[in-house]
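# Report on the structure
Given next are the chains, with one letter for each unit.
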Amino acid sequence: MKKWRSVFSWLVLCAMLLPVGPVQAANLLKTPALVQIGVIDALLAGGYDGSVPVRELPRLGDIGLGTFDALDGEMVILDGVVYQVPASGLVRRADLRVTTPFAQVAWFKPGPALALPENLGLKDLEAWMDKALGDTSLFGAVRVEGVFTALKARSVPRQSKPYRPLAVVAKEQSVFEFSQARGTLVGLRGPDYVRGLGVPGWHWHFLTQDRTRGGHVLELTLGAGTVRLASLRRLELLLPKGGLGGLDLSQDRSHELKAVESAR
Ligand SMILES: [Zn+2]
């Protein structure tokens, strides 16, 4: 009996030591990913030249956030449709020939819809999401459907060259206020360690239910709503063909990002 037990142990050990074959590696690369076009520090430095046509984005995922060539407004990707919120605030389906300098997109495979507590402010909502995701060292993607008692969103005006840094441009943003608005939030969460590359913490874009208004969320109170969440543990990064040369990427732009994300 003892002998058989030791033979069994050897078999288990041998199985564990088998090399990881190409099949397993290929499967690892099938792990759902957050696909990112560009680098946030390049955008903050004024790198608004698009590199990837918007038409490619729905082939990379069906939920996402971003902006457009020349910083022409906020991007929301919902159900595989790329929406553009220009500085006018009047949402349109994006021209698929336009390019993007920065976007994050994923195939959304969430868990079941969860009811959210009523009357949540933005900070409370984010704390609730962190808890529901469970592990903030991973990436998160969420979709919230609800009625927003109040919501403040913004968009940025299309820029012309020479491009100024985002923190300067964001001061010229248009702000849109909503009350009792029914709509959808797309939220992506990056872990703290993506500093410089992506957006650490939550980043929210909003679309009204009729998909005619929206923007990058500055403040909100959610009356009532439901959420579906997904964690992502793979990141794919696509850089422009010509690289990011010419931009000052040596600085720590964390403070600029914070100012831009929450500029009132
Ligand atoms: Zn945004």
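Residues numbered from 1 in each chain as written. Predicted model: local features only at pLDDT ≥ 70, side-chain atom pairs only at ≥ 80, totals over all residues. Heavy atoms only, no water.

### A look at empty space enclosed by the protein
Counted only if it meets this: Cavity: a set of points on a 1 Å grid over the protein atoms alone where a 1.4 Å probe fits but cannot get out. Pocket: an open set with protein on both sides within 12 Å along at least five of seven lines, its lining residues, like those of a cavity, having an atom within 4 Å of a point. Grid points are joined across faces, edges and corners, and a volume is the space filled by probe spheres set on the points. Per the convention used, a helix needs a DSSP run of H or I reaching at least four residues, while a strand needs a run of E reaching at least two, with both numbered from the N terminus.
Going through the model one piece at a time under the given rule, you end up with two cavities of 30 Å³ or more. In this structure, the largest cavity encloses a volume near 170 Å³. Taken together, 17 residues form the lining of the largest cavity, with Leu43, Glu74, Arg154, Leu166 and Glu261 sitting closest to its centre. Put simply, the parts of the chain that give the lining of the largest cavity at least two residues each are α3 (40-44), β3 (63-67), β13 (201-208) and α6 (254-262). Residue contributions to the lining of the largest cavity peak at three residues, all from α6. In this model, the second largest cavity occupies a volume close to 40 Å³. Around the second largest cavity, the lining residues are Leu34, Gln104, Phe139, Gly140, Leu188, Arg189, Gly190, Val199 and His203.

### Topic: the packing of aromatic side chains
Heads up, the condition is: Aromatic pairing here means that ring centres of Phe, Tyr or Trp (its six-membered ring) are within 6.5 Å. Orientation follows from the plane angle: under 30 degrees is stacked, over 60 is edge-to-face, and everything else is tilted. Partly exposed residues are those whose accessible area sits between 20% and 50% of the maximum for their type, while under 20% is buried and over 50% is exposed, using a 1.4 Å probe and protein chains only. Any Lys NZ or Arg CZ that is within 6 Å of a ring centre and within 35 degrees of that ring's normal is treated as a charge sitting over the ring.
By the definition in use, this model includes four aromatic pairs. Arranged with centres 5.3 Å apart and planes meeting at 70°, the rings of phenylalanine 178 and phenylalanine 206 form a pair that is edge-to-face. Of this pair, phenylalanine 178 sits in strand β12 (residues 174-190) while phenylalanine 206 sits in strand β13, and the two are 28 residues apart along the sequence. A single burial state applies to phenylalanine 178 and to phenylalanine 206, both of which are buried. Between tryptophan 202 and tryptophan 204, the aromatic rings sit 5.0 Å apart at their centres with planes inclined by 15°, giving stacked as the arrangement. Ring pairing ties together the aromatic residues Phe148, Phe178 and Phe206, which thus form one cluster. In this structure, arginine 213 is placed above the aromatic ring of phenylalanine 176, and the distance from its NZ or CZ to the ring centre is 5.8 Å.

### As for α6
Counting along an α-helix, one turn takes 3.6 residues, and residues three or four places apart therefore face a common direction. Keep this limit in mind: Read the arc as the range of directions from the helix axis to the C-beta atoms.
Where α6 is concerned, the buried positions are Glu256, Leu257, Val260 and Glu261. Across the axial projection of α6, the buried residues extend over an arc of 125°, all falling on one side. Those residues of α6 that are exposed and angled more than 90 degrees off the buried face are His255 and Lys258.

### Some words on the coordination of the zinc ion
Quick note on the threshold: Donor selection uses N, O and S atoms within 2.8 Å of the metal (3.2 Å for Na, K and Ca). Since no water is included, sites may look incomplete.
At 2.0 to 2.1 Å from the zinc ion lie its protein donor atoms, namely His203 (NE2), His205 (NE2) and His216 (ND1). Read in sequence order, the donor residues coordinating the zinc ion give the pattern H-x1-H-x10-H. Separated by 13 residues along the polypeptide, histidine 203 in strand β13 and histidine 216 in strand β14 (residues 214-232) bring together distant segments of the chain. Each member of the pair, histidine 203 as well as histidine 216, is classed as buried.

### Observations regarding the layout of surface pockets
Where empty space is left becomes clear once a probe the size of a water molecule has been rolled over the atoms. The criterion, for reference: Ten residue types, Ala, Val, Leu, Ile, Met, Phe, Trp, Tyr, Cys and Pro, are classed as nonpolar, four, Asp, Glu, Lys and Arg, as charged, and the remainder, Gly among them, as polar.
Quantified by volume, the largest pocket comes out at close to 740 Å³. Every element with two or more residues in the lining of the largest pocket is listed here: α3, α4 (122-133), β13, β14 and α6. Element by element, the count of residues in the lining of the largest pocket is highest for α6, at six residues. When its residues are assigned to classes, the lining of the largest pocket shows ten nonpolar, seven polar and twelve charged. Reported here for the second largest pocket is a volume of approximately 250 Å³. Residues of the lining of the second largest pocket, tallied by class, amount to nine nonpolar, eight polar and one charged.

### Section: the sheet that holds strand β5 (residues 81-85)
Rules: Between any two strands, pairing holds if DSSP finds at least two bridges.
Spatially, the seven strands line up as an open sheet ordered β6-β5-β4-β3-β8-β1-β15, and their pairing is mixed. A single partner strand is all that each edge strand has here, and the edge strands are β6 (92-93) and β15 (235-238). As judged from the four bridges shared by β3 and strand β4 (residues 74-78), these two strands associate in the antiparallel manner. By the bridge assignment for β4, threonine 67 is matched with glutamate 74.

### A few points about the nonpolar core
Definition in use: As used in this record, nonpolar core signifies buried Ala, Val, Leu, Ile, Met, Phe, Trp, Tyr and Cys residues forming a set joined through side-chain atoms within 4.5 Å. Between two residues, a contact is recorded if the distance between any of their heavy atoms is within 4.5 Å.
Ranked by internal contacts, the top residues of the largest apolar core, which has 42 residues, are Leu125, Met129, Val144, Leu151, Leu185, Trp204 and Leu220. Among the elements of the structure, β3, β4, β5, α4, β11 (139-155), β12, β13 and β14 are those that each provide at least two residues to this core. When residues no more than four places from it in sequence are discounted, the contact partners of tryptophan 204 are Leu122, Leu125, Glu126, Met129, Val142, Val144, Leu185, Val186, Gly187, Gly215, His216 and Val217. In this structure, Leu44, Tyr48, Val156 and Ala170 belong to the second largest nonpolar core, which totals 13 residues.

### What about the pattern of salt bridges?
Let me state the cut-off plainly: For salt bridges, the criterion is a side-chain nitrogen of Lys or Arg within 4 Å of an Asp or Glu carboxyl oxygen.
For the structure shown, the criterion picks out 13 salt bridges. Across the pair arginine 158 and aspartate 72 runs a salt bridge, and its minimum N-O distance is 3.4 Å. Taken together, the residues span a long stretch of sequence, with arginine 158 in the loop between β11 and α5 (166-169) and aspartate 72 in the loop between β3 and β4 at a distance of 86 residues. Classification of arginine 158 as exposed rests on a relative accessible area of 51%. You can call aspartate 72 buried: its relative accessible area is 14%. Of the charged contacts in the structure, one is a salt bridge between arginine 143 and aspartate 79, with a shortest N-O distance of 2.8 Å.

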